[in-house]
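Survey of secondary and tertiary structure
For reference, the chains in residue letters:
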Amino acid sequence: MSVFRYIADNWDTLGPQIETHLFIVAISIALAAAIGLGLGVGAARSSWFGTVVLAVTSTLVTLPSFALFGLLSIWVGLGNPPVIVGLAMYALLPITRNTRAGIMAVDPAIVEAARGMGMSGRQLLTRVELPLAVPVILAGLRQATVLVVAIATVGATVGANDLGQPILAAIGRSTGTLDAVLAGIIPVAAIGILADLTLAALQRALSRGRVAVAAT
Amino acid sequence: MITFDHVSKHYAGHDGPGAVHDLSLEIPSGEIVVFVGPSGCGKTTSLKMINRLIEPTSGTISIDGEDTRKRDPNELRRSIGYVIQAIGLFPHRTVAENVATVPHLDHWDKQRIDTRVNELLELIGLPPRDYAKRLPAELSGGERQRVGVARALAVDPNIMLMDEPFGAIDPIARERLQNELLRLQQVVRKTIVFVTHDIDEAVKLGDRVALLSAGAKVEQYAPPAELLARPATPAVTAFLGEARLVRRLALIHLRDVRLQPVNGSAPKTTVAIGGTLRDALDAVLRSPDGTVAVVDGDRVAGVVDGTVIRLASQ
Ligand SMILES: Nc1ncnc2c1ncn2[C@@H]1O[C@H](COP(=O)(O)OP(=O)(O)OP(=O)(O)O)[C@@H](O)[C@H]1O
Ligand SMILES: [Mg+2]
């Protein structure tokens, strides 16, 4: 396969691109998780807030990434920042939605027992609701990660030096196009699959005793 | 003592007199008081107002003379045991962790929690060696309910609120749990408010029974024997049903009954003197000639027949 020779020959440029790709994904997911968890908890507590938050986050994922990154680069400049912010916006929906669903799926009898034993709202959340929602929240995190790993390639158009670069460089070129495109796609797919498997394993490990709730 | 003083609860958007209308009741310390009545009559609402899971619309509930509204609701709830039909064990926590919930909230040290958890698991008949590390999913329904009771007893509260705790359990396990509760009560002497819609359960467990009708109206508040012997209102008679007198037999102990002397040889069919008139009735129906010997160990204490039962039940 000539693509692997191509990857080996171009490792000097590809290596840093893989690194940047991972960095962008990790930061955007961390950002989205921090915000999405909070929004999800709020959305589970208040139905009008939930409606608003889900409407907004659902709208965000319909924005074309090319346009979103371009727009964001006007405010935060070119390079990694618009990509990180944009990807976090995409990742918000699965994380928020699943956090809300996971909390709302907790058996009302468990919540009543917890309140009846004198847990405060915060204790109920941190000791009962979030731990029980963990499998569902992780499912959301998984969806978000896989989504973001793929879309991150578009970040190359606003100057992020990630795995979109080899693909972008190949477009419009007449020779060696396929190898260059694959040199971007194969590591992206590998990262996506690895992230998915890792999070799936984590999800299983943390599901002890919890009733499996299908991610919505 | 728990005192309801003209307590009412109206749920928003619901017309009529309200789920609980002007309830006044005193629940003495150290007794089991059972709220019994038809579905929707306001038993659960009344119970949950005691630990402020529901706030009354008007009126006052006090514990040992202190208005419960003066207390922090979470602190109040931690000081009152609470058991519900659905139990609500935490599925991600072990049996021991579940039982340790309130001690944990109260910041007990680990040593003290461990000792207490072991003590409680022994008390409810689930040896910690076997059960402490199990998850709720690895227990039977009856075992889960016992863990629910142990969890409610963890910080040794003076008051226990129990809302149909044995409602979802098969009759045999249910009877065993009832007996265990009575045995436990001999040891712990709590003030227990127990909700059920099963009159047999109410009569068996209650030191007093409050028979409620719609709006938590108190139709009669009396010890079970009195309730069965002298129903105060037609609603009570209707709720007690046809078998009222047979039920009452279960409350009369053979030791308290005037037996017939043995005449010639004692009847072959026997009943132990520790039993009740209901046991005796069962034996009379089994006996070929309708007479039964009441035995006290090897000794025959006397004879029971239909006439004895009828006279004793009046
Ligand atoms: N959260 C609520 N909002 C509105 N109405 C309610 C609410 N909870 C209970 N009710 C109504 O208040 C009345 C009393 O309810 P409650 O749950 O106290 O009855 P109960 O005696 O415990 O009945 P059951 O034996 O079926 O458990 C019922 O008519 C019920 O429909
Ligand atoms: Mg009820």
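What counts, and at which threshold
- Residues numbered from 1 in each chain as written.
- Chains lettered and ligands numbered in written order.
- Predicted model: local features only at pLDDT ≥ 70, side-chain atom pairs only at ≥ 80, totals over all residues.
- Heavy atoms only, no water.
- Helix = DSSP H or I, 4+ residues; strand = E, 2+ residues; numbered from the N terminus.
- Buried < 20%, exposed > 50% of the residue type's maximum accessible area, 1.4 Å probe, protein only.
- Contact = heavy atoms within 4.5 Å.
- Areas by Shrake-Rupley, 256 points an atom, 1.4 Å probe, with all protein chains shown as cover.
- Lys, Arg positive; Asp, Glu negative; His and termini not counted.
- Charge placed at Lys NZ, Arg CZ, Asp CG, Glu CD.
- Buried area = accessible area lost by both parts, 1.4 Å probe.
- Salt bridge = Lys/Arg side-chain N within 4 Å of Asp/Glu carboxyl O.
- Polar contact = N/O pair within 3.5 Å; in protein donor to acceptor, adjacent residues only side chain to side chain.
- Nonpolar A, V, L, I, M, F, W, Y, C, P; charged D, E, K, R; others polar.
- Near = heavy atom within 4 Å.
- Axes fitted to C-alpha atoms, helices over the stretch in contact; angles between N-to-C directions.
- Left-handed = near helix turned anticlockwise from the far one by under 90°.
- Patch = residues over 30% accessible without salt bridge, like charges linked within 9 Å, V, L, I, M, F, W, Y side chains within 5 Å.
- Domains from an automatic or database assignment.
- Pairing = 2+ DSSP bridges.
- Core = buried A, V, L, I, M, F, W, Y, C linked by side-chain atoms within 4.5 Å.

1. Describing the overall build of chain A
Helix and strand counts for chain A come out as nine helices and zero strands. The secondary structure elements of chain A, listed N-terminal to C-terminal, are α-α-α-α-α-α-α-α-α. In terms of overall dimensions, chain A has C-alpha extents of about 70 × 35 × 20 Å along its principal axes. The 216 residues of chain A split such that 48% are buried. Looking at chain A alone, contacts between residues at least 24 apart form 77% of all its contacts between residues at least 6 apart. Counting every atom, chain A has about 10200 Å² of accessible surface; 70% of that belongs to carbon and sulfur. Taking the average place of the 12 positive charges on the side chains of chain A and the average place of its 9 negative ones, the gap between the two points comes to 12 Å.

2. Considering the interface of chain B and chain A
Taken residue by residue, the interface counts 25 residues in chain B and 19 residues in chain A. In total, about 1900 Å² of surface goes out of reach between chain B and chain A, with carbon and sulfur atoms giving 62% of it. Across the chain B-chain A interface, the total number found is one salt bridge. Note that Lys48(B) and Glu112(A) form a salt bridge whose closest N and O atoms lie 3.5 Å from each other. Our count for the chain B to chain A interface comes out at four residue pairs in polar contact (both at pLDDT 80 or more). Every element with two or more residues in the side of chain B that touches chain A is listed here: helix H2 (73-78), strand S6 (80-84) and helix H4 (101-105) of chain B. Take the side of chain B that touches chain A: its biggest share by element is four residues, from H4(B). Tallied by class, residues from the side of chain B that touches chain A come to twelve nonpolar, seven polar and six charged.

3. Some points on the site of ligand 1
All names here are of chain B. Taken together, Tyr-11, His-14, Ala-19, Ser-39, Gly-40, Cys-41, Gly-42, Lys-43, Thr-44, Thr-45, Glu-164 and His-197 are the residues near ligand 1. One of the side-chain nitrogen or oxygen atoms of Thr-44 is found 2.6 Å away from an oxygen atom of ligand 1. In the complex, the protein chains occlude 60% of the 630 Å² of accessible area that ligand 1 would expose alone. Here the shell around ligand 1 is composed, by residue class, of three nonpolar, seven polar and two charged.

4. A look at the side chain of Arg52(B)
All names here are of chain B. Within the secondary structure, Arg-52 is located in the loop between helix H1 (43-50) and strand S4 (58-63). Side-chain polar atoms of Arg-52 contact the backbone oxygen of Arg-71, separated by 2.7 Å. Residues in contact with Arg-52, not counting those within four places in the same chain, are Thr-68, Arg-69, Arg-71, Pro-73, Leu-76 and Arg-77.

5. Description of the packing of helix H2 (residues 11-45) of chain A against helix H5 (residues 80-104) of chain A
At a minimum axis separation of 6 Å, H2(A) and H5(A) run at an interaxial angle of 40 degrees. Between H2(A) and H5(A) lies a crossing of right-handed hand.

6. Considerations on unusual backbone geometry
Note: most peptide bonds trans; most residues except glycine with negative phi. Residues and elements named next belong to chain B. The backbone phi angle of Asp-156 is positive, close to 55 degrees, even though this residue is not glycine. With respect to the helices and strands, Asp-156 occurs in the loop between helix H7 (141-153) and strand S7 (159-163). Given the relative accessible area of 47%, Asp-156 is considered partly exposed. Unusually for a residue other than glycine, Ala-216 sits at a positive phi of about 55 degrees. Among the structural elements, Ala-216 can be located in the loop between strand S9 (208-213) and strand S10 (217-222). Ala-216 sits in the buried class, given a relative accessible area of 1%.

7. A word on a nonpolar patch on the surface
On the surface, Leu71(A), Ile74(A), Trp75(A), Val76(A) and Val85(A) cluster together to form a nonpolar patch covering roughly 510 Å² of accessible area. Checked against the element boundaries, Trp75(A) lands in helix H4 (residues 65-76).

8. As for the environment of Ile54(B)
Residue and element names in this part refer to chain B. Tracing the backbone through its elements, the reader meets Ile-54 in the loop between H1 and S4. A relative accessible area of 12% means that Ile-54 is categorised as buried. Once the C-alpha coordinates of Ile-54 and Tyr-11 are considered, the two residues, 43 residues apart in sequence, prove to be 10.0 Å apart. In this structure, Ile-54 is in contact with Lys-9, Tyr-11, Thr-45, Lys-48 and Met-49, ignoring residues within four places of it in sequence.

9. Comments concerning the domain arrangement of chain B
Domains assigned within chain B are domain 1 (2-242) and domain 2 (254-312). For domain 1 of chain B versus domain 2 of chain B, the separation of C-alpha centres amounts to 37 Å.

10. Concerning the pairing of strand S13 (residues 299-305) of chain B
On a regular strand, one side chain projects to one face of the sheet and the next to the other, so that they alternate. Where strand S12 (residues 291-296) of chain B lies against S13(B), six bridges are found, and the strand directions are antiparallel. Looking at S13(B), one finds that Asp296(B) is bridged to Arg299(B).

11. Brief notes about the pattern of salt bridges
Residues and elements named next belong to chain A. Taken as a whole and assessed by the stated rule, the structure comprises 19 salt bridges over all chains. In this structure, Arg-142 engages Asp-196 in a salt bridge whose closest nitrogen and oxygen atoms are separated by 2.8 Å. Highlighted residues: Arg-142 in helix H7 (residues 121-151) and Asp-196 in helix H9 (residues 177-205), separated in sequence by 54 residues. According to the relative accessible area criterion, Arg-142 is partly exposed, its value standing at 24%.

12. Describing the nonpolar core
Membership of the largest hydrophobic core comes to 46 residues, with the highest contact counts inside it found for Val34(B) and Phe194(B). Considering each element in turn, this core owes the most residues, five residues, to H7(B). In this structure Phe194(B) touches Ile32(B), Val33(B), Val34(B), Phe35(B), Met162(B), Pro165(B), Phe166(B), Leu181(B), Glu201(B) and Leu205(B), once residues within four positions along its chain are discounted. Counting 35 residues, the second largest nonpolar core, distinct from the first, contains Ile24(A), Ala32(A), Tyr90(A) and Ala183(A).

13. Some points on the environment of Val246(B)
Here Val246(B) is to be found in helix H12 (residues 244-249). The spatial distance from the C-alpha of Val246(B) to the C-alpha of Leu281(B) is 8.9 Å, given a sequence separation of 35 residues.

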